[in-house]
Each structure stands twice: as structure tokens, then as C-alpha cells.
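This is what each chain is made of:
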Amino acid sequence: MTTEKELVIDNIVTDAMATPSPAKSMGDPGITPLSPTHVLKDSEENEPTKHHYVVVVAIDFGTTSSGYAYAFTKEPECIHTMRRWEGGDPGVSNQKTPTTILLTPEKKFHSFGYAARDFYHDLDPTESKQWLYLEKFKMKLHTTANLSIDTDLHAANGKKVKALDIFAYALAFFKEQALKELSDQAGADFDNADVRWVITVPAIWKMPAKQFMREAAYKAGLVYRDNPDQLIIALEPEAASIYCRKLRLHQMVDLDSKTALNGYNPTENVGAGMAQGDRYVVVDCGGGTVDLTVHQIRLPEGHLKELYKASGGPYGSIGIDYEFEQLLCKIFGQDFIDQFKIKRPAAWVDLMIAFESRKRAATPDRSNPLNINLPFSFIDYYKKFRGHSVEHALRKSNVDFVKWSSQGMLRMSPDAMNALFKPTIDHIIQHLTELFDRPEVTDIKFLFLVGGFAESPLLQQAVQNMLQGRSRIIIPHDVGLTILKGAVLFGLDPSVIKVRRSPLTYGVGVLNRFVEGKHPPEKMLVKDGTRWCTDVFDTFISADQSVALGETVKRSYTPAKPSQQVIVIHVYCSERESVSFITDPGVRKCGTLKLDVSGTESPAARREIQTLMQFGDTEIRAMAVDVATSRTVKASIDFLSQ
């Protein structure tokens, strides 16, 4: 039931349909999200012929490592992961490359991945201070509270660069690599217009970070702003979920039986197959974040339905690197470590690479110590800085489980290494425990552990201990490539996830007729003899509300003056499910809805602009129509703070 009521938005009188729940799905167009800045053409051109892409290329832009994979739309079953990279690390064999980027002293792109790392490492220390080297920078999009187009990043030498430039350089690098590989295969230049691009982001990212990725893709020339559909933003655990439910028995390890599931029938899907209504959790443990998603499978098509809003946090494996850094500060002093990082940035990178390979050797039952090579310049610089040796510092520090070995290495006991993992793993386990305690999360048949960090035996054991056999824990064989392959599958069929949960409550501030006893007196405003209540939160969608793909929320807005060219409406959001006023605690302005009503002047006394918003996709999109003339109005939602 809908009720008509007079609403005023930022002094714009509007005739809004106060619908408590989104309108029912208007058929599933299966279209991908438009960018918030998307401009719709006039209605007669409104039905573009659906472009038939030749290939889908997915880019997994990770915190610690990145890569791409692709599949031709004619052979969707055959997913190709990118060619081998030059210069891989010892003990780390996968087809991803470190997410590291090097710019020249003039801030021009030089190289990415292993190439960037090796070149930077070979520079003379006096020279390397001029070059800009960046790593693990993706987390900045998650941790920056008011992310904007102008957000800065800091290179290893302390210099500032625009985050948008760095992300665009990285995406342009992947575009060039992928197109080169496709051209080599085709024996002719491959046209970018034939590629549908997919970029993966953590599910717990807010809209500004997703929009930032899209802006970077435009800047990189991956796709053009006037063809936003060519790029899909995919959510990492969703991609993993799509891939996992297609797993064959021989492609995974069942932790509870600790053997590869070489079942009786290798073509059988997960553990004798996913049955109708099966529920499973995907735990995506990456370098920067851990993302948890709960899905239910709906047969016969195998569509997926999200049962609880994505949750997680910044508990990726770089937390272990941070703990190692804190340990070094404890032994050698924060002042020295800070100084060393700036003065010998390449040697610091070397030290962290040495730590990385030892980190991968950590297991619950290890008894022999782990040796970490200290770069010569560390030992040398420390002596200059402090006037005594590294060995002396270790003896003097109260860190008893880290010793100095005669071969010039830091010798860590297995307990010392495990202690570095503990804070990060504790966070993940706490989060999982809370998730499994929720009423929506019962009867979970499988728990898929994916992402690079899922390879850690310490994490695997912790998850096993927590679950106590409540669900089967399954780890795909190519666990680091799970998201990449799933993202390709998602690009081939974006409508596979039919129902999602809104991560936040979204709405706008409106004026309602003042009701004695219902509205607080301090919110009363008298205008032309009528009593209004200000700051009322008109909810578009609530946090954790189920929303189907293609489902729309309808509102009508009217320009305050006939001459008005643009209607700007502030969008507010909150993590709480029920919000009464935009001034409630936890409610913040998170974006703007812009309706460009220029050129739609009509003789009608009141112009009604009907706005449709979609919340069921990986990005929020808006469309609008002038009701009197049925003409399309340019509508956009912008979440990046200006």
C-alpha cells in the first residue's frame, strides 16, 4: 500500500511515494551497474543494443598481489590465467605478481610487480631516494574516512602522489598486458571494445571506494565514461563463491579429512554436489582484508542468494608484517626503523621479502627455528646509527625468542613466529564466531576458505578448532586464484547472484506534516501557516534488507522553481536498520543524487521527476524520467566526497 504525502526536500516541495519497501522486481534485465556519474541518453535511444563481448578479462587488484584471467565468451568453461611473470620469489609459486609500482623521479610510470621491485632494488641508495616506490597501497581506499578524487598516497621515500594516478597506472598496466596476450593469441591486434572488464573489490568496501576504482578505470582508459557497462565491479567473496560452487572433487582439499578429495567420481561437484537450499560461508582471507559472505544456492539454475550482509574487516595477512615491524622496533628502536625505512628504502623492501618467505614456512607443529636474512645495509646502518652492533641490540633487548645466528641472521623460534600471527588470526576467529552465532547463519554445510592467506596452516587450524566439525571446511587447490577465476565467471553471467543484502541503510532528509505526540517539538517548522517536521529520514532501503537484482526504489521530486536546472539531493546512510531522523547518531551524509532537469521545461504547473534507484547490484545506480513528457532526465549518484 502506498500513501501520497507532501514532502519537502531541502526546500524543494515534492510529491513522494512513501513506500516502506522497494518496488517489486521489474523483470530482471541482468544489466550491470552504471557508474554513479553515468549520463542516460534521451529515451528514444534508451535501449542500446546489447554489446556482444568476445572476451571477459578480470583483474584481481589485491593488497599484496595482483593478476588477471580471461575467458572467451564462446568457451566460457575455459578460463586462462595470465602468463608467468618474470622474477618470481623463491617459495612463492603462483601466477600473480606483487602489487608494487615504481615511478620515475618525475612521477611517470616506470614498472609494476616483480619488475618494479627488482629495478628498485638494483638502484644505488642515493638514486633510489629519488624514485617513488609504492606497495600495499590498496588498503588506503578502505581506511580513508572521506575518500575523494584527491586522496594522496605516500611512496617509500615519503613523497606524496595522487592515489587516483597510482590506481590508474596499475590498471593501465594490466590492460596493456592482457591486450598484448590476447593479440598474440589472435595473431592480430585485439580491440579493447571487444573486452568486458571486471575489477574485483572487497565486499566490505563502501560505495566511495568502489566508485574510486571505477574512476581509476576511466582514467586508465580501460573503458570510457559514456560506456560504463563495459566495466563490472565484482565483489571478491562473491566471485569466490561463484567459483567454489562449481568446484569438482579433485580440485579441493577437505580439511576434515586432510586429503585431496579424489572422490569416486572426479566430475562430481563439491562433496557430492550442492543441493537445493544448501547454505555455505565463503571466508576470503586476503592481504589487506577478510571478507565473509553467506550464500544459499537456488536450483535448477544454481542462482545464489545472499543470506546476511557482507562482513569482515582489515584483518588480512599484512597484519603479520605489521607485527614483525613492531618486533623490530622493540629490538632496534622505533627511531632507527623509521629512519632506516626512509634512508634505505630498497633494503627495507628486501628485509620484508625475506620475512615473507619465512612467514609462509610457519606451521602449528614446526619445531626448528626460522632464519631471516638481515640485509648488510641494515647491519651497517645500525652500527653507524647506534654505535654498537645488531648482535648487541638483540642481547640487550628482552625479546628472548629472537636470537642472532653466527651466519648473520635473525633466528626466530616457531613460537615467536606464531605470536606474530596471533592478533590477526584472533580477529578473524572472533568475526567468524560472531557470524556463526547469528540466527540467519544456521545449517551451514560448507565453509570455503579462499584468498592467499587461506594457505596458512596456522589459520586453517584456528578455523578448524573454532568450527568443531559444524561445517565442512573446504580449500580450493588454487586458492590464490579462486577470486580471479570466479570474477571471470561473474563477468560472463553477472545475473547469477539474484538477491543481495544492503550493507547500509540509505535515505534522504524530508519535511513531513508535523504530528503532535509523534514528532519532537524541536523539529517543528511553521511555513505559510502549516506545521512541518524537519530532518525526517525517508528510507530508501534498510541495512541487511534483501534486495533482488533489478529491483527499484521509486521517489518523485519536483523542482522548487520552474527555472531550476538541477535538483541536488543529499543522500544519507547509517549502519542501523531503523533510522527516524537524519540527525540520529550514526547517520552521515554519504553522497548526492543529482537530477539534471535542464531542457525539460514544460507548460505543466508542477514538474514531477520520477527517480528510480537500484540497490540490488554491486554498485548503486539511478535513473530518472520527467513524468509529463516521459523524457529521460540525466541522473547520477556521487559518493566520492568533493
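This text follows the structure it describes.
What counts, and at which threshold
- Residues numbered from 1 in each chain as written.
- Predicted model: local features only at pLDDT ≥ 70, side-chain atom pairs only at ≥ 80, totals over all residues.
- Heavy atoms only, no water.
- Helix = DSSP H or I, 4+ residues; strand = E, 2+ residues; numbered from the N terminus.
- Pairing = 2+ DSSP bridges.
- Axes fitted to C-alpha atoms, helices over the stretch in contact; angles between N-to-C directions.
- 1 Å grid on protein atoms, 1.4 Å probe; cavity = no way out; pocket = protein on both sides within 12 Å on 5 of 7 lines; lining within 4 Å.
- Points joined across faces, edges and corners; volume = space filled by probe spheres on them.
- Salt bridge = Lys/Arg side-chain N within 4 Å of Asp/Glu carboxyl O.
- Buried < 20%, exposed > 50% of the residue type's maximum accessible area, 1.4 Å probe, protein only.
- Parallel < 35°, antiparallel > 145°, perpendicular 65-115°, else oblique.
- Left-handed = near helix turned anticlockwise from the far one by under 90°.
- Contact = heavy atoms within 4.5 Å.
- Phe/Tyr/Trp six-rings, centres within 6.5 Å; stacked < 30°, edge-to-face > 60°.
- Lys NZ or Arg CZ within 6 Å of the ring centre and 35° of its normal.

Asks: Pulling in residues and values, what's your account of unusual backbone geometry?
Replies: In this structure, lysine 136 is a non-glycine residue whose phi angle is positive, near 50 degrees. Along the chain, lysine 136 falls in the loop between strand E9 (132-135) and helix H3 (139-143). Although it is not a glycine, aspartate 544 adopts a positive phi angle of roughly 65 degrees. Locating aspartate 544 in the fold gives a position in the loop between strand E27 (530-541) and strand E28 (546-548).

Asks: Please give an account of the sheet that holds E9 that cites residues and values.
Replies: The strand order across the open sheet built from three strands is E8-E7-E9, with neighbouring strands paired in antiparallel fashion. Edge strands, defined here as strands with exactly one partner in the open sheet, are strand E8 (109-112) and E9. Strand-to-strand, the axes of this sheet are offset by a mean angle of 20 degrees, without reference to chain direction.

Asks: Can you tell me about empty space enclosed by the protein, naming the residues and giving the values?
Replies: On inspection of all chains with the given rule, the structure shows three cavities of 30 Å³ or more. Its boundaries defined by the atoms lining it, the largest cavity holds a volume of some 50 Å³. Lys206, Met207, Pro208, Leu504, Tyr506, Cys573, Arg588, Cys590 and Phe639 are the residues that line the largest cavity. Elements with a minimum of two residues in the lining of the largest cavity: helix H5 (207-220) and strand E31 (588-596).

Asks: Could you give me a rundown of the pattern of salt bridges, with the residues and numbers involved?
Replies: Two side chains carrying opposite charge are able to pair once their charged atoms lie near each other. The full count for this structure, using the stated rule, is 26 salt bridges. Two residues, arginine 472 and aspartate 254, come together in a salt bridge whose shortest N-O distance is 2.8 Å. With arginine 472 in strand E23 (residues 472-476) and aspartate 254 in strand E14 (residues 252-254), this residue pair connects regions lying 218 residues apart in the sequence. With relative accessibility at 4%, the residue aspartate 254 sits in the buried group. Salt bridges linked by common partners bring Lys136, Asp321, Glu356, Lys359 and Arg360 together as one network.

Asks: Can you explain the packing of helix H1 (residues 114-122) against helix H9 (residues 345-359)? Please cite residues and give values.
Replies: To characterise two packed helices, one gives the angle between the axes of the helices and the distance between these axes. Remark: H1 packs on H9, axes separated minimally by 8 Å, with the N-to-C direction vectors making an angle of 130 degrees. Compared by their axis directions, H1 and H9 come out oblique. Along this stretch, H1 crosses H9, giving a crossing that reads as left-handed. Seen from H1, the contacting residues are Arg117, Tyr120 and His121; seen from H9, they are Pro345, Ala346, Val349, Asp350 and Ile353.

Asks: Quick one: what's the story with the sheet that holds strand E20 (residues 402-405), residue by residue and with numbers?
Replies: Here we have three strands laid out as an open sheet, ordered E19-E21-E20, and antiparallel in their pairing. Among the strands making up the open sheet, the edge pair consists of strand E19 (370-373) and E20. On average, each strand axis in the sheet is inclined to that of its neighbour by 30 degrees, with strand direction left out of account.

Asks: Help me get a handle on the packing of aromatic side chains, residues and values and all.
Replies: The description of two aromatic rings rests on the distance between their centres and on the angle between their planes. Scanning all chains against the criterion turns up 30 aromatic pairs. Ring-pair connections join several aromatic residues into one group, and the members of that group are Phe332, Phe336, Phe340, Phe378, Tyr381, Tyr382 and Phe385. Directly above the ring of tryptophan 532 sits arginine 513, whose terminal nitrogen or CZ lies 5.3 Å from the centroid.

Asks: For the side chain of threonine 534, give the residues involved together with the corresponding values.
Replies: In this structure, threonine 534 sits in strand E27. Given a relative accessible area of 18%, threonine 534 falls into the buried group. Apart from the residues lying within four places of it in its own chain, the contact partners of threonine 534 are Val510, Leu511, Lys523, Leu525 and Phe581.

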